[in-house]
Each structure stands twice: as structure tokens, then as C-alpha cells.
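Take a look at the letters that make up each chain.
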Amino acid sequence: MAGRFSNKRKTASSAAPANTPVEQKPDERLLAAMARLDAVSPAEPPEGGNTPAPNSPAAAEENGEKPASPEQDEPASEGNAKLRDPKFLDAKVRLHRKLIDEINLSAIDKVPEEELRRQVAELASEYVLAERLPLNAHELEEFASELYDEMTGLGPLEPLLKDATISDILINTHAQVYVERFGKLELTPVRFKDEAHLLRILNKIVANVGRRVDESQPMVDARLEDGSRVNAIIRPLTVDGPLISIRKFSKKPFNLEKMYEFGSLKPQIGEVLAAAVSSRMSLIVSGGTGSGKTTMLNALSNHISHDERLITIEDAAELQLQQPHIGRLETRPPNLEGKGEVLQRDLVKNALRMRPDRVILGEVRGEEAFDMLQAMNTGHEGSMATIHANNPRDALTRLENMVGMAGTNMSEGSVRAQIASAVRIFVQLSRLSDGTRRLTSVSEITGMEGDIVQMQEIFKYVRVGTEEDGTIIGEFRATGVRPKFLDEIKSHGIEIPGEYFDPKDPL
Ligand SMILES: Nc1ncnc2c1ncn2[C@@H]1O[C@H](COP(=O)(O)OP(=O)(O)O)[C@@H](O)[C@H]1O
Ligand SMILES: [Mg+2]
């Protein structure tokens with residue numbers, strides 16, 4: 001049957017056969033539907049015989065699921081505020097589940113847009129009537145239109161992507177989706193129809209950045225159009241189905257002031273770091289996954305002079321530097337034939353031919369460490385990177401190992417000497433057990449003694465206790481060491497008050 005794609009909706013198609021030419025505009029249909037409102041009893045299921053069971057709020061709660069209604073969704077500036085209301089987001093999530101049950105998803109791309117819009121609008125109005133959602137005809141039309149966009153976009157993920165209070169979306173197979181809000185994980189009622197449905201959406205995401213995911217390439221990094229970062233891993237490397245992690249792009253990038261508000265560090269420490277950055281001291285932000293390294297790198301980069309030319313290098317672009325003069329580079333994975341891969345190392349080498357004042361490396365992970373140190377040692381002072389490490393000493397060791405991967409035959413001593421002369425400051429971050437992200441140490445490299453890199457801690461976070469609910473109590477303290485780099489900062493005309501380094505009282 002031409003144009004027919006609905007595989008289950010028998011009752012609805014008898015009321016409006018799918019192969020009838022579409023004459024009525026959706027809004028007329030919806031107006032007519034609204035007129036029927038009073039005829040519909042609230043208890044009546046949306047479709048004859050089709051109980052609302054698996055999709056109804058009550059059923060979801062019985063299953064021990066938490067509805068995905070956000071406590072404080074930031075209303076988007078555009079669009080209808082009512083539709084941004086948590087209640088409607090929630091309704092949408094549920095309606096999505098219904099839609100993916102009723103519509104033949106694999107046919108979506110082949111069905112004419114008009115036809116698909118019509119069917120979605122029809123289902124939406126039936127649902128709105130049955131659930132007695134207080135929408136007027138115009139709002140209903142908007143609701144249906146958003147649903148359509150979402151169905152053809154990233155499906156059940158769209159409401160979560162729109163919810164500004166969600167920072168991470170964690171998909172554990174098609175049947176389970178968690179989100180992170182305010183540092184806490186919560187289960188959502190969002191589901192995909194089946195594994196094929198989830199894979200289809202995943203492939204849409206990765207195709208956008210020219211990548212693909214299949215059995216031969218079951219691990220992939222990608223980025224959504226809004227800048228959100230996606231990692232996906234599928235069978236055969238996963239046991240139960242696709243595992244997808246989305247780190248949402250924050251519309252408002254953090255600055256140091258916001259971090260003070262969050263208690264991630266003290267203004268005195270921020271002031272010292274900002275001064276070091278603007279005085280072109282090469283710096284490395286280290287920490288575990290999700291500890292806030294990229295966020296910190298972004299915030300610190302605000303203190304780079306707008307006169308400088310910056311080149312950023314990342315595997316998946318997520319830095320949001322505010323400077324006007326910036327060139328952004330991104331690595332490329334191999335193509336189908338396993339060719340054409342471009343590594344971070346290639347990009348760092350290339351960046352050095354682009355007359356940068358500073359090179360900003362999103363995350364140093366391997367042999368490119370060598371080239372980055374070279375850059376820092378050859379006139380690109382003030383270059384910055386993040387590294388995955390548990391403490392500043394660990395970061396040093398890892399850096400050393402990474403340089404070793406570059407295969408330069410340098411002795412251990414000369415690798416360390418390279419590091420000691422290139423990097424001035426390590427900023428250590430941690431995600432504590434209560435979910436908060438904190439700066440836990442600022443350390444300065446002061447040189448070499450024999451074969452050992454000399455490092456001294458300037459500031460640290462000291463844990464003093466734990467509240468009953470698990471909240472960690474702690475304070476930021478100076479160690480009493482007056483950093484060597486203060487003189488250099490001073491030569492750039494920046495004064496840092498001496499009392500910042502007084503260890504007597506917490507900052
Ligand atoms: N200081 C902070 N306070 C609260 N949330 C933060 C802070 N720093 C980062 N985040 C949030 O934590 C998540 C991980 O941050 P990100 O910088 O990407 O970590 P990393 O680069 O270490 O993996 C993001 O959602 C980010 O918005
Ligand atoms: Mg990062």
C-alpha cells in the first residue's frame with residue numbers, strides 16, 4: 001500500500017485511511033479533535049481496546065520508575081513556555097514511547113513528510129484528549145509539530161536534550177536511560193523500541209560527524225549539532241546492547257566566578273591561576289573522568305589575552321574559548337578501508353606551522369605529549385592541556401610515559417628535564433563522593449634535582465568531615481609556600497596579595 005507505514009494503528013487508519021490524499025491541514029484536524037474533547041471521558045483509553053498500560057504515568061511508577069519531570073527546567077527563550085513545562089516534557093516522553101510502539105520506525109525516512117506529520121498530529125491529539133492535557137488548539141498544533149521534529153530527529157532523546165537541568169544522558173541498552181541532574185543520577189522512563197531503533201538513532205548521530213558504528217567499528221566518539229559529546233560502544237564489545245554516554249554541551253560555559261559559587265575553588269586561588277594564565281605560564285589540568293577538566297580549561301582560557309592567536313586540538317571539539325582569534329582542529333578516525341586517520345600528534349605538529357601563540361590541547365593521551373612539550377619549550381608558553389590522572393605526581397608520571405610512546409629514544413632524565421622546563425603548573429581536580437567537583441591541589445614545578453622533577457604544592461583542599469547525608473565538609477588552604485612564579489606574574493604587572501599564601505587560616 002503506497003505511503004502506508006503504520007504497522008499497528010488499525011483503528012485510527014479506519015477513521016482516517018492513510019492512503020487518502022491529505023487535504024486537511026493539521027490545525028483543522030486538531031481543531032476538530034478539540035471540539036470532540038467533551039465527548040471523551042477521561043477514563044477512556046486513547047484508542048479502542050488499546051489500554052494505556054505500559055505508557056501511562058501510573059504504570060511507569062508501578063515499575064519503580066521516576067517520571068522524568070524536571071524540577072526546574074530553564075524555559076527556552078523561543079517556543080511556547082507551556083510546552084516547556086515539566087508536565088509536558090513528561091507527557092512527551094510518554095507519548096514518545098507510544099509513538100515508537102505504533103509507527104514503523106524503519107519506514108520513517110521513506111514516508112512523505114506530510115503523511116508522517118498527519119499521523120503524528122493525529123496520535124498527539126488523541127493522546128492529549130485522553131490525558132486531558134489543558135492545551136488549546138494552537139498549543140496542540142505546536143506540541144504535535146515538536147513531536148514530529150523529535151521523531152525525525154533523535155527520537156526519545158530529544159526531550160532530554162532540551163532539558164537544561166540534565167548534564168549527562170547515559171543509555172544502557174534500549175531499555176534503560178539514566179540522566180545526571182545536579183550531580184545525581186536518576187532513572188528516566190525513556191525507552192527505545194528495540195535495539196534496532198536505538199542503533200538507527202545512534203547512526204544518525206555519528207553520520208553527522210562523518211563516522212559510523214557497526215560490528216567492525218563498535219566504539220565511536222561523536223558530537224551533536226549543539227556541541228554535546230557522545231561516546232558509543234556496541235556489540236560485540238558490549239554484552240547486552242549499545243551503551244551510549246552523552247555529555248551535554250553547557251549553553252553557558254562555566255567561568256571562574258560560577259565555580260566559586262559552586263564551591264569548586266576559592267576566589268584567591270582563581271585569581272592566582274588567572275594571573276598565571278594571562279602571564280603565559282604553561283599549565284596542565286589533571287583529574288579523573290568527569291572531574292571538570294575541560295570545564296576548568298575553558299574557564300581559565302577566559303584569561304588569555306584577546307591579542308593572541310590560539311589553536312585548539314581535540315578528538316571531539318567541546319572547548320568553547322571566548323577569544324576572537326582562534327583556529328579549531330579536530331582529529332579524524334580511519335575511513336572504511338582503515339585509511340586517512342589523523343591523530344592528535346599530526347595536528348599538534350601542524351598547529352606549530354600555523355603561527356600560534358598558544359596551543360590548547362583538549363586532552364593529552366598519547367605520543368602527542370612529546371610534541372606538546374616541544375611547543376611549550378619553543379616559544380608557545382602558555383599552552384595548556386588536560387590529562388587524566390589522580391594527583392599531580394601521577395600526572396607527571398603519565399606525561400613521562402606518554403612522551404616515551406613517541407619513540408624518541410630520549411633518556412628518562414632528559415624526558416623529565418623536558419617536562420620540568422615545559423610545564424609550570426598542575427591544577428588537580430576531583431569529583432568527590434558527594435558528586436561535587438573541586439579543585440584539590442595547585443602545584444608548581446620548580447625544576448630538577450638530579451633525575452627528579454621538583455614539585456611544590458601551593459594550595460590544597462582539605463577534607464575535614466562528612467555530614468550525615470554524605471555531603472563532604474572541607475576547606476581550601478594555602479600550604480605556606482610562596483610560588484616561584486609570583487615574580488614572573490609581577491613582571492607582567494599583576495600583584496597578588498601575600499596573604500593569599502598564608503597557611504594559618506582556611507581561604
Ligand atoms: N566546578 C564544577 N561544578 C559543577 N559542575 C561541574 C564543574 N565542572 C564541571 N562540571 C560539570 O561536570 C561535567 C563534566 O565536566 P567536564 O569538564 O567535561 O569533565 P572532564 O573534562 O574532566 O571529563 C559537565 O557536565 C560539567 O558541566
Ligand atoms: Mg574533558
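As the structure is a prediction and not an experimental result, all values here were calculated from the model.

Participant: Teacher, can you tell me more about the overall build of the protein chain here?
Facilitator: In terms of regular secondary structure, the protein chain is built from 17 helices and 15 strands. Counting the 507 residues in the protein chain, one finds 37% classified as buried. The contacts in the protein chain between residues at least 6 apart in sequence include a share of 57% that link residues at least 24 apart.

Participant: I tried to follow the sheet that holds strand β2 (residues 177-181) on my own but got confused; where do I start?
Facilitator: Working definition: the strands of a sheet are paired by backbone hydrogen bonds and lie parallel or antiparallel to each other. Here we have six strands laid out as an open sheet, ordered β3-β2-β1-β6-β5-β4, and antiparallel in their pairing. The outermost strands of the open sheet, each flanked by one partner alone, are β3 (184-188) and β4 (219-223). Going from strand to strand, the sheet's axes swing by 20° on average, the running direction of each strand aside. Note that strand β5 (residues 229-233) and strand β6 (residues 243-247) share five bridges and pair antiparallel. Along β6, the bridge assignment pairs A232 with I244. Each of β4, β5 and β6 is contacted by helix α9 (residues 195-208), which is oriented at about 65° to β4, the strand it contacts most.

Participant: Looking at this structure, how should I read the pairing of strand β12 (residues 425-431)?
Facilitator: Looking along a regular strand, one sees the side chains alternate between the two faces of the sheet. β12 sits mainly inside the fold: five of its seven residues count as buried. By the bridge criterion, five bridges tie strand β7 (residues 283-287) to β12 in an arrangement that is parallel. Bridge assignment links G287 to a residue of β12, and that residue is L429. As paired elements, β12 and strand β13 (residues 437-449) share seven bridges and run antiparallel to each other. In the strand pairing of β13, F426 is matched with S443. Taking the residues that link successive antiparallel strands as the turn, the β12-β13 hairpin has five residues, and the phi of G435 there is positive, at about 95°.

Participant: What exactly am I supposed to notice about the site of ligand 1 here?
Facilitator: The environment of ligand 1 is made up of 16 residues, and the closest members are S264, G292, K293, T294 and T295. For the shell around ligand 1, the class distribution of residues is three nonpolar, 10 polar and three charged.

Participant: I tried to follow the confidence of the model for the protein chain on my own but got confused; where do I start?
Facilitator: Parts of the model with low pLDDT should not have their predicted coordinates read in detail. The predicted model of the protein chain averages 82 in pLDDT, with 82% of residues at 70 or higher. β7 holds the highest mean pLDDT among the elements of the protein chain, 98, whereas helix α1 (residues 10-15) holds the lowest, 37. The low-confidence segment residues 1-27, where pLDDT is below 50, has 39 contacts with residues more than four positions distant or belonging to other chains. When the criterion is pLDDT under 50, residues 29-79 qualifies, and its contacts beyond four places in sequence or with other chains add up to 76 contacts.

Participant: How do you make sense of helix α16 (residues 412-422) when you look at a structure like this?
Facilitator: Residues three or four positions apart in an α-helix share a direction because the helix packs 3.6 residues into each turn. Residues of α16 that are buried: V415, R416, Q418, I419, A420 and A422. On its buried face, α16 is in contact with α14 (368-377), α15 (392-405), β13 and β14 (452-466).

Participant: How should I be thinking about the sheet that holds strand β10 (residues 358-361) in this particular structure?
Facilitator: If you walk across this open sheet you meet the nine strands as β9-β8-β10-β11-β7-β12-β13-β14-β15, and the pairing is mixed. Each edge of the sheet is formed by a strand with only one pairing partner; in this case those strands are β9 (326-330) and β15 (472-478). The average undirected angle you get between the axes of adjacent strands in this sheet is 25°. On top of the sheet, helix α11 (residues 267-278) reaches β7, β12, β13, β14 and β15; it is set at about 50° to β13, its chief contact.

The rules behind the values
- Residue indices begin from 1 for each chain and proceed along its sequence in written order.
- For this description, chains carry letters from A and ligands carry numbers from 1, given in the order in which they are written.
- For a predicted model such as this one, the threshold for reporting local features is a pLDDT of at least 70, and the threshold for listing and counting side-chain atom pairs is 80 or more; totals across whole chains, interfaces and linings nevertheless cover every residue.
- Where helices and strands are cited, they refer to DSSP runs of H or I of at least four residues and of E of at least two residues respectively, numbered from the N terminus.
- Here the C-beta atoms are placed from the backbone, and a residue counts as buried if at least 20 other C-beta atoms lie within 10 Å of its own, exposed if 12 or fewer do, and partly exposed otherwise.
- Here, residues touch in the contact sense if the C-beta positions derived from the backbone fall within 7 Å of one another.
- Here the rule is simple: two strands pair whenever DSSP picks up at least two bridges between them.
- Axis angles are defined between N-to-C directions and span 0 to 180 degrees, where every axis is a line fitted to C-alpha atoms and, for a helix, only to the segment in contact.
- A molecule or strand has a residue near it when that residue's C-beta atom, placed from backbone coordinates, lies within 6 Å of it.
- Residue polarity is assigned by list, with Asp, Glu, Lys and Arg as charged and Ala, Val, Leu, Ile, Met, Phe, Trp, Tyr, Cys and Pro as nonpolar; anything else, Gly included, falls into the polar class.
- Predictor confidence is given residue by residue as pLDDT, running from a minimum of 0 to a maximum of 100.

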